[in-house]
Amino acid sequence: MTIFASYSIKGGVGKTALAVNLAYALREDGHRTLLIDLDPQCAAAYYFRIKPAAKFKFKEGPKLAGRLRRNIRESDYPGLDVLPSNMAYRNFDIMLDRLKKSRKQLRSILAPLAEEYDSVVLDCPPNLTLLSENIFRVADHLLVPVIPTPLSERTLEQLYQFFKEKKLPPNRIRPFFSMAQKSNRLHREFMAQLRLDYPVFLDTVIPHSVHIERMGQRRRPALDYAPGLAATQAYRKLCLEILKG
Amino acid sequence: MTTLTTNDSNAGSIYSLPADLDLLKLEERLQERFELRRRSPARRSLDFYDSFEWTLWHRGELLCRDGSQLGLFTRSGGWLQDVRSSMPYPRKAADLRDPNDLPSHPLADTLQKRLGLRGLLKLCSFQESRQEIELLDDSRKVVFRLDWIDLRSSEGKRNYTLCDLRPLRGYEQSAETALQLLLESGLAPIDHSPLEQELETRGTPPRVYSLKPSFDLQPDLPAREAVCLILQRMLELARENEVGVLEDIDTEFLHDYRVCLRKMRSIISLVKGVFPEAQTEKVKRTLAALASRTNRLRDLDVYLLEQEKLLETLPESLRPGLAHMFDDFRREREKELRAVRRHLQSASTAKHLAWLEHFLSSASTLTESANSKAPIAALVFARTHKRYKRIRRIAADMHADTPDEEIHELRIHCKKLRYMLEFFAELLPSEQLPPRLKALKKLQGGLGTFNDSSVQQISLLEYVEKSHKRERADQDLPLSLSIGALLGILYQRQQAQRDRIFADLAEFGSEESAAAFKTLFQNPS
Ligand SMILES: Nc1ncnc2c1ncn2[C@@H]1O[C@H](COP(=O)(O)OP(=O)(O)O)[C@@H](O)[C@H]1O
Ligand SMILES: [Mg+2]
């Protein structure tokens, strides 16, 4: 089971858009896929018309796993399931903090899913907390959307710093450009500069596109309702680029 | 679920519909609780395949081709459930027969592993039109699927209508509501799928195929009746294999056909005196006449099946020499197959078979013979035990210098013992027989390899002689080199078996083994 996390310290950078379309692309590639919405905003499940999960009490890893599993919903696309979020996730960190091995709880929660799924995609909330650290420890690929603006470099820098402090393997971090505007000269220049500073950037760029923006109204993955467009195809390309390694 | 291309993990289940229910009425009913969305209807043809032995069916699987895809499914009842694996299979491509002909794909590997030497037969075909209906909740999220399926069988043009209900994980509540409405509308789980119905109508329902059938024997059944029962059943089995030989579906058909005839011949030699002498002789002659024309074809099958293994034993440089030989074998096989087909369809074969069938069904009216009335168990167990003791004596006399011929003779004795144990297995204690059979099979394994290696050496030499006569000087040298090398390998392989055979024999003839055989025959069940 391969775990992909869509993560950034910042909000509004395209994490959920990536998580939703990546999960869709993985499923199209034949993976039995589970999309886990870890953001109490519940946006990922919203794009699949799936309602927030029922309320439940947090328990330790293995028990919690069973509880979460009961909340799994099959999307409209056979082979792609969604574990919707819940407002209670706001308390995820407090819960984790109370537990032993608080930085590795997520691993034991996800482990039992390996029988059922080839791929798990995590849509993460935008902060740097105990939950984030759990995510960093469990994700095989930490995909970080970066809007090509100067501010983004600072947050990327922060992330690498955090990995260094916590002695986490930095090669799991895979930044990519999100909402990039070809016609915007500053975007172009800044992308070139960032690629020099961080050669680990993925080649694939997710462009800014009204078709992706429309996901909110359509409530479907953009790859489903606009499969033929270069902008949506970028998600598929990105998926294949990560899978190729 | 029945789409070949997705990996839906929901267990589908199929339901029958009452005659007066149509799709519109059903939709009306569902609309009481759900918003519905009709997908565009889809048509495709479905071809179902399995081996003659129903290998896949018995594993709980179905192999189905839907125009462009070949899929291996789990079977639920008698219909498609989840797809295990699928691969592209072009609409135009010929019928599927030999899984080894499939392009390389994990599914091809799986099929080769499952089927072994067996080929695939088309069981039946349907034209399917499918209307998928999605049941939606208030966010227009799909919460349940229902496929209305019309099937028309290609042969016989029979129609079947059914519904495939496909719940979605996490929407159990909606599924229950939907199912309630559907049951109230008269839907009922199907216990006999269209596939099963269709196969039954055609007289080819799934069944267990075995060369070791049960004969319903009783220990005190008069020997003639018992032998007739066995012969009749074995003859039926032989005849079931005829079509597969004629159509050349796989090599197992001819193999099994011959095994049946051979077993028939041996049982009348082994259980002596159940028919008058002249009749016994005539049955033997008839069986020999039926089988003999197939000898060469079977030999060629064996060589060709061994081709890869034999080639692998040689260094790369010597392989092309042998390739010519196998090409010759393939050509000869074509010729032999035509001859066997003619033989099977000939008037004389028909006459022989008719005579045999008549003889077996009327044997009770023949005059009595020495053992015709003897209770079968007592009669055969005394003899079979004697056979074991004989093998034991031969084994005791064997030593490093025992000539090959004696090992061959031992092999024949073991074979006869095996046949008797298997024919009359149902009369022997069911806990005691398996370990004895296991020991015997182990011994026969070594003897079999020993014999095969020696037969292969002989036939290679024959082939060389024949090809020399045809004076193909350009090919002679490479061929001779390859065959020379192969002969050496086969000879070594044969000799290497001797140690193994002696070791197995020591075990098979041990005091414990002898005591076990004694009790086996003392306590018929
Ligand atoms: N490539 C894109 N082009 C245009 N709009 C986008 C793109 N990606 C995301 N958006 C829009 O930007 C907003 C924030 O995106 P989202 O994926 O929710 O970010 P995050 O999860 O990081 O907060 C959403 O309204 C979304 O529709
Ligand atoms: Mg988000």
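Definitions and cut-offs
Residues numbered from 1 in each chain as written. Chains lettered and ligands numbered in written order. Predicted model: local features only at pLDDT ≥ 70, side-chain atom pairs only at ≥ 80, totals over all residues. Heavy atoms only, no water. Helix = DSSP H or I, 4+ residues; strand = E, 2+ residues; numbered from the N terminus. Buried < 20%, exposed > 50% of the residue type's maximum accessible area, 1.4 Å probe, protein only. Contact = heavy atoms within 4.5 Å. Areas by Shrake-Rupley, 256 points an atom, 1.4 Å probe, with all protein chains shown as cover. Lys, Arg positive; Asp, Glu negative; His and termini not counted. Charge placed at Lys NZ, Arg CZ, Asp CG, Glu CD. Domains from an automatic or database assignment. Polar contact = N/O pair within 3.5 Å; in protein donor to acceptor, adjacent residues only side chain to side chain. Near = heavy atom within 4 Å. Nonpolar A, V, L, I, M, F, W, Y, C, P; charged D, E, K, R; others polar. Salt bridge = Lys/Arg side-chain N within 4 Å of Asp/Glu carboxyl O. Phe/Tyr/Trp six-rings, centres within 6.5 Å; stacked < 30°, edge-to-face > 60°. Lys NZ or Arg CZ within 6 Å of the ring centre and 35° of its normal. Patch = residues over 30% accessible without salt bridge, like charges linked within 9 Å, V, L, I, M, F, W, Y side chains within 5 Å. Core = buried A, V, L, I, M, F, W, Y, C linked by side-chain atoms within 4.5 Å. Buried area = accessible area lost by both parts, 1.4 Å probe.

Participant: In this structure, what is going on with the overall build of chain B? I would like to understand it.
Facilitator: Looking only at helices and strands, chain B has 17 helices and 10 strands in total. Each principal axis of the C-alpha atoms in chain B carries an extent, and together these give about 90 × 65 × 50 Å. Scored against the burial criterion, the 525 residues of chain B give a buried share of 51%. A sequence separation of at least 24 residues applies to 72% of the contacts in chain B between residues at least 6 apart. Summed over its atoms, the accessible surface of chain B is roughly 24900 Å², and 51% of this surface lies on carbon and sulfur atoms. Within chain B, the 79 negative side-chain charges are centred at a point lying 4 Å from the centre of the 79 positive side-chain charges.

Participant: It is not clear to me how the domain arrangement of chain B should be interpreted in this structure. Could you clarify?
Facilitator: Interface size, as often reported, equals the accessible area lost upon joining of the parts. Split into domains, chain B comes out as domain 1 (13–201), domain 2 (210–374) and domain 3 (377–525). One C-alpha centre belongs to domain 1 of chain B, the other to domain 3 of chain B; they are set 49 Å apart.

Participant: I would appreciate a short explanation of the environment of B:Gly186 in the present structure.
Facilitator: Residues and elements named next belong to chain B. Note that Gly186 resides in the loop between α4 (172–184) and β10 (188–189). Taking the C-alpha atoms as reference points, Gly186 and Asp328, separated by 142 residues in sequence, lie 64 Å from one another. In contact with Gly186, other than residues within four places in its own chain, are Ser16 and Pro18.

Participant: I keep staring at the side chain of B:Asn451 and nothing clicks. Help me out?
Facilitator: Residue and element names in this part refer to chain B. As for its position among the elements, Asn451 is in helix α15 (residues 433–469). Within polar-contact distance, the side chain of Asn451 engages the side chain of His408 at 3.2 Å. When neighbours within four sequence positions are excluded, Asn451 is seen to be in contact with His408 and Arg411.

Participant: Help me understand the site of ligand 1, please; the structure alone is not making it clear to me.
Facilitator: Residues and elements named next belong to chain A. The immediate surroundings of ligand 1 are formed by 14 residues, with Gly12, Lys15, Thr16, Ala17 and Pro207 found nearest. Contacts to ligand 1 include Val13, whose backbone N or O atom sits 3.1 Å from an oxygen atom. The backbone of Ser209 places a nitrogen or oxygen atom 2.9 Å from a nitrogen atom of ligand 1. Computed on the free molecule, ligand 1 has an accessible area of 550 Å², of which 81% lies beneath the protein chains in the complex. Within the residue set of the shell around ligand 1, elements represented by two or more residues are α1 (15–28), β8 (205–207) and α9 (210–213). Counting residues per element, the shell around ligand 1 draws most heavily on α1, at three residues. For the shell around ligand 1, the class distribution of residues is six nonpolar, six polar and two charged.

Participant: Just checking my understanding: could you explain the pattern of salt bridges for this structure?
Facilitator: Charged atoms that come close allow side chains of opposite charge to pair. Per the counting criterion, the structure on display carries 59 salt bridges over all chains. Of the charged contacts in the structure, one is a salt bridge between A:Asp224 and A:Arg220, with a shortest N-O distance of 3.7 Å. A:Arg220 sits in the buried class, given a relative accessible area of 14%. Salt-bridge contacts for B:Asp256 lead to B:Arg118; the nearest nitrogen and oxygen are separated by 3.4 Å. Of this pair, B:Asp256 sits in helix α8 (residues 252–270) while B:Arg118 sits in the loop between α3 (106–115) and β7 (121–136); the two residues are 138 residues apart in sequence, bridging distant segments of the chain.

Participant: For this particular structure, what's the right way to read the packing of aromatic side chains?
Facilitator: Within the structure shown, the criterion is met by 28 aromatic pairs over all chains. With a centroid separation of 6.2 Å and 70° between ring planes, the pair formed by A:Tyr46 and A:Tyr47 is classed as edge-to-face. Residue A:Tyr46 is classed as partly exposed on the basis of its relative accessible area, which comes to 38%. An angle of 80° between the planes, with centres 6.1 Å apart, marks the rings of B:Phe326 and B:Phe329 as edge-to-face. In this pair, B:Phe326 and B:Phe329 are both assigned in helix α11 (residues 319–344), three residues apart and thus about one turn of the helix distant. With relative accessibility at 5%, the residue B:Phe329 sits in the buried group. Taken together, the ring pairs in this structure connect B:Phe381, B:Tyr388, B:Phe508, B:Phe517 and B:Phe521 into an aromatic cluster. The aromatic ring of B:Phe52 is capped on one face by B:Arg207, whose charged end is 5.1 Å from the ring centroid. Lying over the aromatic face of B:Phe423, B:Lys263 brings its terminal NZ or CZ to 5.9 Å of the ring centre.

Participant: Any chance you could explain a positive patch on the surface here in plain terms?
Facilitator: Residue and element names in this part refer to chain B. Side chains of Lys272, Arg383, Lys386, Lys389, Arg390, Arg393 and Lys518 sit close together on the surface and give a patch of like positive charge. Among the elements that take part in the positive patch, helix α13 (residues 376–397) stands out by supplying five residues, more than any other. If you trace the backbone, Arg383 turns up in helix α13. Among the residues examined, Arg383 registers a relative accessible area of 32% and is labelled partly exposed.

Participant: Help me out: how do you make sense of the nonpolar core in this one?
Facilitator: Most often, soluble globular proteins have nonpolar side chains that are buried together. B:Val271, B:Phe275, B:Ile376, B:Leu421 and B:Phe424 are the most contacted members of the largest nonpolar core, which totals 78 residues. With residues near it in sequence (within four places) discarded, B:Phe275 still touches B:Arg224, B:Val227, B:Cys228, B:Leu231, B:Ile268, B:Thr280, B:Phe359, B:Ala363, B:Leu366 and B:Ser369. In terms of nonpolar packing, the next biggest core, distinct from the first, is built from 61 residues, A:Phe4, A:Leu22, A:Ala25 and A:Ala231 among them.

Participant: Please clarify how the interface of chain B and chain A should be interpreted in this entry.
Facilitator: Taken residue by residue, the interface counts 17 residues in chain B and 22 residues in chain A. Around 1400 Å² of area is buried between chain B and chain A when both sides are counted, 36% of it from carbon and sulfur atoms. For the pair chain B and chain A, the number of links is five salt bridges. Residues B:Asp137 and A:Lys51 are paired through a salt bridge, measuring 3.6 Å at the closest nitrogen-oxygen approach. Across the chain B-chain A interface, the total number found is 10 residue pairs in polar contact (both at pLDDT 80 or more). Residues belonging to the side of chain B that touches chain A are distributed by class as follows: four nonpolar, five polar and eight charged.

Participant: Sorry if this is basic, but what is going on with a negative patch on the surface here?
Facilitator: Residue and element names in this part refer to chain B. Judged by side-chain charge, Asp397, Glu405, Glu406 and Glu409 come together as a negatively charged surface patch. Considering each element in turn, the negative patch owes the most residues, three residues, to helix α14 (residues 404–423). Among the secondary structure elements, Glu406 is positioned in helix α14. Classification of Glu406 by relative accessible area gives partly exposed; the value is 36%.

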